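# Structural overview
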Amino acid sequence: MTIYDELVARGLIAQVTDEAEIKELINAGKATFYIGFDCTADSLTAGHFMALTLMKRLQMAGNKPIALIGGGTTMIGDPSGRTDMRKMLTKEDIDHNAECFKRQMERFIEFGDGANQAMMVNNADWLLKLNYVELLREVGACFSVNNMLRAKCYEQRMEKGLSFLEFNYMIMQSYDFYHMFQTIGCNMQFGGDDQWSNMLGGTELIRRKLGKDAYAMTITLLTDSQGNKMGKTAGNAVWLDANKTSPYDFYQYWRNVGDADVMKCIRMLTFLPLEQIDEMATWQNGRINEAKEILAFELTKMVHGEEEAVKAQNAARALFSGGGDAAADMPSTALAAADFTDGAIGLLDMMVKCALAPSKKEARRLVEQGGVEVNGERAADPTTRFAADAFAGEGLILKKGKKVFHRVVTE
RNA sequence: GGGAGAGUUCCAGAGUGGCCAAAUGGGGCAGACUGUAAAUCUGUUGCGUAUCGCUUCGGUGGUUCGAAUCCACCCUCUCCCA
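So, a few notes on the structure that sits alongside this text. Model, not experiment: these values are computed from the prediction.

Turning our attention to helix α18 (residues 360-368). Three or more residues of α18 are buried, namely Ala 363, Leu 366 and Val 367. Viewed end-on, α18 has its buried residues packed into an arc of 95 degrees, placing them on one side of the element. Counted as exposed and oriented over 90 degrees from the buried face of α18: Lys 361 and Glu 368. Tucked inside the fold, the buried residues of α18 contact α17 (347-353), β11 (372-374) and β14 (396-400). Looking one or two places after α18, you find Gly 370, whose phi comes out positive at around 75 degrees.

Quick look at the pairing of strand β6 (residues 215-219) now. Across the five residues of β6, five count as buried, placing the element largely inside the fold. Residues Tyr 215, Met 217 and Ile 219 line one face of β6 and the alternating positions Ala 216 and Thr 218 line the opposite face, and both faces are buried. Relative to β6, strand β5 (residues 188-192) runs parallel, the two being bridged by five bridges. In the sheet register, Met 188 faces β6, and the bridge partner there is Tyr 215. In this region the chain leaves β5, passes through helix α11 (residues 196-210) and returns to the parallel neighbour β6; the handedness of that crossover is right-handed.

As a packed pair, helix α12 (residues 247-255) and helix α16 (residues 306-321) sit with axes 9 Å apart at the nearest point and diverge in direction by 65 degrees. Taken together, the axis directions place α12 and α16 in an arrangement best described as roughly perpendicular. The chirality of how α12 crosses α16 is right-handed. Contacts from Pro 247, Tyr 248, Tyr 251 and Gln 252 in α12 reach Glu 308, Ala 312, Gln 313, Ala 315, Ala 316, Leu 319 and Phe 320 in α16. Counted by class, the contact of α12 with α16 contains eight nonpolar, two polar and one charged residues.

This part is about the packing of aromatic side chains. A ring pair, where both rings are aromatic, is described by two values, the distance of the centres and the angle of the planes. This model, assessed by the stated rule, comprises eight aromatic pairs. Ring geometry for Phe 320 against Phe 405: centres 5.7 Å apart, planes inclined by 90 degrees, an arrangement best described as edge-to-face. Residue Phe 320 is located in helix α16, and its partner Phe 405 is located in strand β15 (residues 404-410); the two are separated by 85 residues in the primary sequence. The class of Phe 320 is partly exposed, set by a relative accessible area of 39%.

We now examine the sheet that holds β14. Overall, mixed pairing links the five strands, which are arranged β9-β15-β14-β11-β12 in an open sheet. Each of the sheet's edge strands pairs with one partner strand only, and the pair in question is β9 (332-335) and β12 (377-378).

Quick look at the protein's contact with RNA strand B now. Around RNA strand B there are 29 residues in total, and Gln 252, Asn 256, Asp 259, Lys 361 and Arg 365 lie nearest to it. For RNA strand B, a base oxygen lies 2.7 Å from a polar atom in the side chain of Gln 252. Contacts to RNA strand B include Lys 361, whose backbone N or O atom sits 2.6 Å from a phosphate oxygen. The dominant element in the surface near RNA strand B, judged by the number of residues it contributes, is α18, at five residues. In terms of residue class, the surface near RNA strand B is made up of six nonpolar, eleven polar and twelve charged.

Our focus in this paragraph is the sheet that holds β6. Whenever strands of a sheet pair, they do so through backbone hydrogen bonds, lying parallel or antiparallel. Strand order across the open sheet formed by six strands is β1-β6-β5-β2-β3-β4, with mixed pairing between neighbours. With partners counted over all chains shown, the strands left at the sheet margins are β1 (13-16) and β4 (119-122), one partner each. Taking each pair of neighbouring strands and ignoring which way they run, the sheet shows an average axis angle of 25 degrees. Sheet strands in contact with helix α2 (residues 19-27) are β1, β5 and β6, and its direction is about 85 degrees off that of β6. Helix α3 (residues 46-60) contacts β2 (32-37), β3 (64-69), β5 and β6 of the sheet and is inclined by roughly 165 degrees relative to β2.

How each quantity is defined
Residues numbered from 1 in each chain as written. Chains lettered and ligands numbered in written order. Predicted model: local features only at pLDDT ≥ 70, side-chain atom pairs only at ≥ 80, totals over all residues. Heavy atoms only, no water. Buried < 20%, exposed > 50% of the residue type's maximum accessible area, 1.4 Å probe, protein only. Helix = DSSP H or I, 4+ residues; strand = E, 2+ residues; numbered from the N terminus. Arc of directions from axis to C-beta. Contact = heavy atoms within 4.5 Å. Pairing = 2+ DSSP bridges. Right-handed = clockwise from strand over helix to strand, strands pointing away. Axes fitted to C-alpha atoms, helices over the stretch in contact; angles between N-to-C directions. Parallel < 35°, antiparallel > 145°, perpendicular 65-115°, else oblique. Left-handed = near helix turned anticlockwise from the far one by under 90°. Nonpolar A, V, L, I, M, F, W, Y, C, P; charged D, E, K, R; others polar. Phe/Tyr/Trp six-rings, centres within 6.5 Å; stacked < 30°, edge-to-face > 60°. Near = heavy atom within 4 Å. Polar contact = N/O pair within 3.5 Å; in protein donor to acceptor, adjacent residues only side chain to side chain.

What follows is the structure in structure tokens.
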């Protein structure tokens with residue numbers, strides 16, 4: 001099976017500019033493609049994950065990936081699909097974030113100077129040097145404002161107001177492609193489907209300025225059965241950085257996807273052979289949880305390594321199915337002597353300390369509603385206090401709700 | 001540049017002198033039911049040394065016994081005209 005057919009079979013392709021050409025290019029390993037990453041945070045998220053796996057798939061097929069860090073474009077802010085303006089970041093923040101991204105990407109794709117080894121570039125290197133008038137003269141005539149205003153990525157902002165700053169994002173992104181096409185032979189751009197109009201801006205610019213063809217392809221956005229973007233819990237991103245989202249939590253995120261979304265995720269995100277996936281798709285209801293475990297394990301393994309994945313899986317099994325002592329891998333907090341008053345600590349204070357509740361009021365509510373267990377016993381009294389020696393040995397196991405476990409020990 | 005309007009809690013959006021920590025919906029969290037799923041139902045959703053106190057309604061001042069609500073100035077945004 002060719003790489004292109006595989007991408008189609010996995011449901012990864014959303015839109016392409018020229019199917020026949022792209023097919024030939026990537027099947028033959030002749031594409032030098034880029035994917036841009038806005039560096040608004042110091043870690044990549046589960047939302048970027050699919051892009052990373054796509055880079056890996058294409059690299060394995062012999063194509064050369066370019067990871068473009070948006071050091072320059074981040075200073076403008078992509079308005080696509082947004083209803084509010086992004087916060088402006090300082091140059092220092094952006095540089096720091098770019099550095100963090102690179103470390104994480106190295107887990108997935110191989111960087112180097114070889115023919116199909118990946119390279120990383122930062123568009124700050126050329127965008128920040130641009131001169132306004134020169135830029136206008138160079139590319140300004142190639143963009144039709146009429147068309148830009150019709151672009152889907154600005155649609156939502158047209159209702160609320162779009163600043164000129166953000167309006168220029170498309171031009172910057174197009175310029176990136178144009179620049180890399182000339183300097184490093186980048187002939188294809190990949191990106192999320194929400195980037196489609198920005199990407200077309202680039203191919204159009206190249207065609208107009210250089211009379212040459214460049215290609216663009218978008219990846220299906222990973223949404224759940226309700227149409228929400230995946231990779232977020234309660235509005236917070238699921239991070240790839242173990243310090244921001246622990247391997248256990250990462251595992252749990254995927255372990256808990258809805259029934260309707262499991263097979264889709266396995267198909268799009270894992271590297272399991274398609275035949276195996278097709279077979280899994282025929283599994284009966286009872287085995288849906290098995291499929292979820294496979295999904296969670298595979299993804300955790302890719303992001304955090306096999307060892308962490310095994311630990312996360314064992315911990316999850318022990319906590320939810322009983323038995324085993326792998327619960328040692330659950331998140332934990334060590335209390336300092338200063339957290340104790342008269343040799344004891346209150347239940348509510350302890351919960352806040354462990355970040356199981358943002359405030360004591362919230363902690364109290366949880367206890368009163370029967371959502372808290374200590375060492376397997378429901379804690380019904382918010383005034384309960386625990387003496388320091390209660391934490392001896394394994395410490396205390398706090399449980400919030402059905403799924404959140406936390407070990408509390410003393411320093 | 002001229003004119004009109006808007007800024008309320010996580011979001012949307014009521015509230016136009018005291019009964020307002022602020023309706024309603026969404027989202028979140030917890031409980032029940034389950035399969036660590038979905039759907040449904042229930043409770044809850046500013047903070048606290050807790051039948052009371054404290055801090056919130058763009059910002060700063062002011063009027064008043066009392067202000068999200070009235071006044072002044074400022075900031076931000078939207079719309080119409082240029």
